[in-house]
Amino acid sequence: MAVENVLKLAQENNIEWFDFRFVDLSGRAHHISLPASEVDEDTFVNGVAFDGSSIPGFRGIEESDMVMMPDPESVFIDAFTAHPTLNIMCNIFTPDGERYERDPRGIAEKAEEYLQTSGVGTAAFFAPESEFFIFDDVRYQSDVNVSSYSVDSNEAFWNTNRKEDGGNLGFKIRKKGGYVPVAPVDSQQDIRSEMCRLLEEAGLRIERHHHEVATAGQAEINFRFDTLKLTADNLMKYKYIVHNTAQQYGKTATFMPKPLFGDNGSGMHVHQSIFDGDTPLFYEKGAYANLSEMALHYLGGILYHAPALIALTNPSTNSFKRLVPGYEAPVNLVFSKGNRSAAVRIPIASVTPKGCRIEFRTPDSTANPYLAFSAMLMAGLDGIKKKMDPRELGYGPFDKNIYELPEEDKVGIRSVPASLEEALDELEKDFDFLLEGNVFTKDFIQNYISFKRAEAKDVAIRVHPHEFSLYYDC
């Protein structure tokens, strides 16, 4: 959208505030609002100043001045503000006009530019399946003398005997029993439909929504694929609208991968493919799962670099509470057609040549989408460049339920790292593929690793409530 069209849209909708947003290292959005009377074409040229030293993982206080440069293609009207507000995503620049190399959105732009200069194709398309929980109550505390959390949901199985106003009406969701039941077991049809309505108003094309496997309000909404940066923008809109719609309903939504012990966690399965113009490059009729050699090499790169990738696609300590066997989590670094126990799945149901794609099932929504999608693309392109055949590398195909294989048949199957620290170790050893085309920089990788190591250490040294159950009577 041209700048003049953005200003016209604002005028037509009586916009009072322009909300300029950017994304930090962890994938959280930040914003500064300007009165509409203060925004004109020059704002899109000069940008909006902010203090980069106050953003974790950005700059020191001695070089804190930074600039948000608004992207007029990213605007959408905020559905939650009392005063009409237009939201705009921004790229980050230094005061001298240089692109800031630690800006996640800028990295996504460079990844797309690298693809276009690589000779492989013109565009990479991504479609994340981002799962989340909707709770009715959440409480947590972490201090010197106390560490606790509690979440609750009206539809959770543990509330079958709870006394409720008007009586307990039953119809609770069993553990691992939440996949697509109808009402009244699924109590959240209307809130998900409202989320979808608002997502469509914000420009996303919604494909479907449903209750997911876990008890206690696990949900999934699928939106249409798009190019890398635009999909990352859409995921930021998605999380914003999900969080705020839940809030309006007196509930709370979380994309935390594993908020419940003993039930399925929330993942973000990422579908991806490459096109050359209108021509899909991942399709070859009659091949295994109708997948082209290029697509096989791409997924070979994903699986080869997966231990390092996971530091970016599963970047929280909680991520590794989900990545354990037994909860449909894809912990096996192999590929297969239609097999949800593999880290890379090739969907085969109702797939057309343009819909032929791979699905990397390991990521979760604590990932910064700009970084995660960019890193996946770089790993895949490295696989194409080096012709990494996943069959020759021992990654499959495995068309059996790997969870149920005898231990002797699992020999040689690589697993994902067991912790964030292990994933960061792998990234420290394997990041050259990310540096191609200056998409990521060595400074960025080193800063990211340091930032995440501090986070992991902070969690590791804290007293865990379950330790009292294990050790208090020693």
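Structure: see above.
All residue numbers here refer to positions counted from 1 along the written sequence of the relevant chain. The model is predicted, so local features are restricted to residues of pLDDT at least 70 and side-chain atom pairs to those at 80 or more, both for listing and for counting; the totals for chains, interfaces and linings are taken over all residues. Where side-chain values are given, they derive from all heavy atoms of the structure, hydrogens and water being excluded.

Caption draft 1: Expanded view of unusual backbone geometry. Look at the link from Ala183 to Pro184: it is a cis peptide, with omega at 5 degrees. Omega for the bond connecting Gly396 with Pro397 falls within 30 degrees of zero, at 10 degrees, which places this linkage in the cis form. Helix and strand assignments come from DSSP, with helices taken as H or I runs of at least 4 residues and strands as E runs of at least 2, each series counted from the N terminus. Along the chain, Pro397 turns up in the loop between α8 (369-385) and α9 (420-429). If you check the backbone angles, Ala216 has positive phi at about 65 degrees while not being a glycine. Mapped onto the secondary structure, Ala216 falls in the loop between β10 (206-211) and β11 (218-223). Even without a glycine there, the phi angle at Lys387 is positive, about 50 degrees.

Caption draft 2: Structural context of the pairing of strand β2 (residues 29-35). Note on pairing: two strands pair once DSSP finds at least 2 bridges between them. Of the strand pairs in this sheet, strand β1 (residues 17-23) and β2 are connected by seven bridges, and their pairing is antiparallel. Looking at β2, one finds that Asp19 is bridged to Ser33. Remark: five residues form the turn of the hairpin made by β1 and β2, two consecutive strands paired antiparallel; Gly27 in that turn has positive phi of roughly 95 degrees.

Caption draft 3: Layout of the nonpolar core. By size, the foremost hydrophobic cluster in this structure holds 95 residues, and its most contacted members are Phe132, Tyr238, Ile274, Leu377, Leu434 and Phe440. The leading source of residues in this core is helix α6 (residues 293-313), at 12 residues. Beyond its immediate chain neighbours, meaning those up to four positions away, Leu377 contacts Ala111, Leu115, Ala124, Phe126, Leu228, Ile274 and Tyr298. The definition of a nonpolar core used throughout is a set of buried Ala, Val, Leu, Ile, Met, Phe, Trp, Tyr and Cys residues joined through side-chain atoms within 4.5 Å. For the exposure calls, accessible area comes from a 1.4 Å probe over protein chains only, and a residue counts as buried if that area is under 20% of its type's maximum, exposed if over 50%, partly exposed in between. We call two residues in contact when some of their heavy atoms are within 4.5 Å.

Caption draft 4: Region of the structure containing a nonpolar patch on the surface. Put simply, a patch holds well-exposed residues, over 30% relative accessible area, that have no salt bridge, with like charges counted together within 9 Å and Val, Leu, Ile, Met, Phe, Trp or Tyr side chains within 5 Å. Methods summary: accessible areas were calculated by the Shrake-Rupley approach with a probe of 1.4 Å, and residue burial reflects only the protein chains presented. For this document, the term salt bridge refers to a Lys or Arg side-chain nitrogen within 4 Å of an Asp or Glu carboxyl oxygen. Residues Val138, Tyr140, Tyr149 and Phe261 make up a contiguous nonpolar surface patch of about 590 Å² in total accessible area. Its location among the elements puts Tyr140 in strand β8 (residues 137-142). For Tyr140, a relative accessible area of 69% gives the class exposed.

Caption draft 5: Quick look at the packing of helix α3 (residues 104-118) against α8. Angles run from 0 to 180 degrees between N-to-C directions of axes, and those axes are lines fitted to C-alpha atoms, restricted for helices to the stretch in contact. The N-to-C vectors of α3 and α8 enclose an angle of 25 degrees; their axes lie 8 Å apart at closest approach. Relative to α8, α3 is oriented roughly parallel. Note on packing geometry: the crossing formed by α3 with α8 is left-handed. Where α3 abuts α8, its residues Pro104, Arg105, Ile107, Ala108, Ala111, Tyr114 and Leu115 lie against Tyr370, Leu371, Ser374, Leu377, Met378 and Leu381. To sort the angles, those under 35 degrees are grouped as roughly parallel, those over 145 as roughly antiparallel, those from 65 to 115 as roughly perpendicular, and the leftovers as oblique. Crossing handedness is defined as follows: a turn of the near helix away from the far one that is anticlockwise and smaller than a right angle gives a left-handed crossing, while the clockwise case is right-handed.

Caption draft 6: Summary view of the pairing of β11. With six of six residues buried, β11 lies mostly within the body of the structure. Residues Gln218, Glu220 and Asn222 of β11 are buried on one face, and the alternating residues Ala219, Ile221 and Phe223, pointing to the opposite face, are buried as well. Bridge count for strand β7 (residues 123-135) against β11 is three bridges, and the pairing is antiparallel. Among the inter-strand pairings, Phe133 is bridged to a residue of β11, identified as Gln218. Across five bridges, β10 lies against β11 in antiparallel orientation. Bridge pairing in β11 links Ile206 to Phe223. Here β10 hands over to β11 after six residues, with Ala216 in that stretch at a positive phi of 65 degrees.

Caption draft 7: Region of the structure containing the pattern of salt bridges. If you walk through the whole model with that rule in mind, you get 30 salt bridges. Asp152 is the partner of Arg162 in a salt bridge, and the nearest nitrogen-oxygen pair spans 3.0 Å. Pair noted here: Arg162 is in the loop between β9 (147-152) and α4 (189-201) and Asp152 is in strand β9, with a separation of 10 residues, a long-range link. Take Arg162: its relative accessible area is 25%, and that puts it in the partly exposed class. What emerges from the salt-bridge pattern is a single network uniting Asp71, Arg99, Arg105, Glu109, Glu113, Lys229 and Asp233.

Caption draft 8: Spatial organisation of the environment of Asn145. Note that Asn145 resides in the loop between β8 and β9. Given the relative accessible area of 70%, Asn145 is considered exposed. Taking C-alpha positions, Asn145 is 9.0 Å from Val463, a pair spaced 318 residues apart along the chain.

Caption draft 9: Focus on α3. Compared with the 21 Å implied by 1.5 Å per residue over 15 residues, the 21 Å span of α3 between its first and last C-alpha is a close match. Pro104, Arg105, Gly106, Ile107, Ala108, Glu109, Lys110, Ala111, Glu112, Tyr114 and Leu115 are the residues of α3 that are buried. The N-terminus of α3 is capped by Asp103, whose side-chain oxygen sits 3.2 Å from the backbone nitrogen of Arg105. Count one or two residues on from α3 and you reach Gly119, which has phi positive near 85 degrees. How far a helix is expected to stretch is found by multiplying one less than its residue total by 1.5 Å. Here a polar contact is taken to be a pair of N or O atoms separated by no more than 3.5 Å, where protein atoms must pair a possible hydrogen donor with a possible acceptor and residues adjacent in sequence count only if both atoms sit in side chains.

Caption draft 10: Expanded view of the side chain of Thr94. Relative to the helices and strands, Thr94 resides in the loop between β6 (85-93) and α3. Exposure remark for Thr94: the relative accessible area of 12% places this residue in the buried category. At 2.2 Å, the side chain of Thr94 forms a polar contact with the side chain of Asp96. For Thr94, the residues in contact, after removing those within four places along its chain, are Arg59, Val67 and Tyr100.

Caption draft 11: Just α6, in detail. The first and last C-alpha atoms of α6 sit only 25 Å apart over 21 residues, clearly below the 30 Å expected at 1.5 Å per residue. What the bend at a residue measures is the angle between two axes, fitted to the seven residues ending there and to the seven starting there. At Ala306, α6 shows its maximal bend, which comes to roughly 80 degrees, and the proline Pro307 appears one to four places after that position. Where burial is concerned, most of α6 is hidden: 18 out of the 21 residues are buried.

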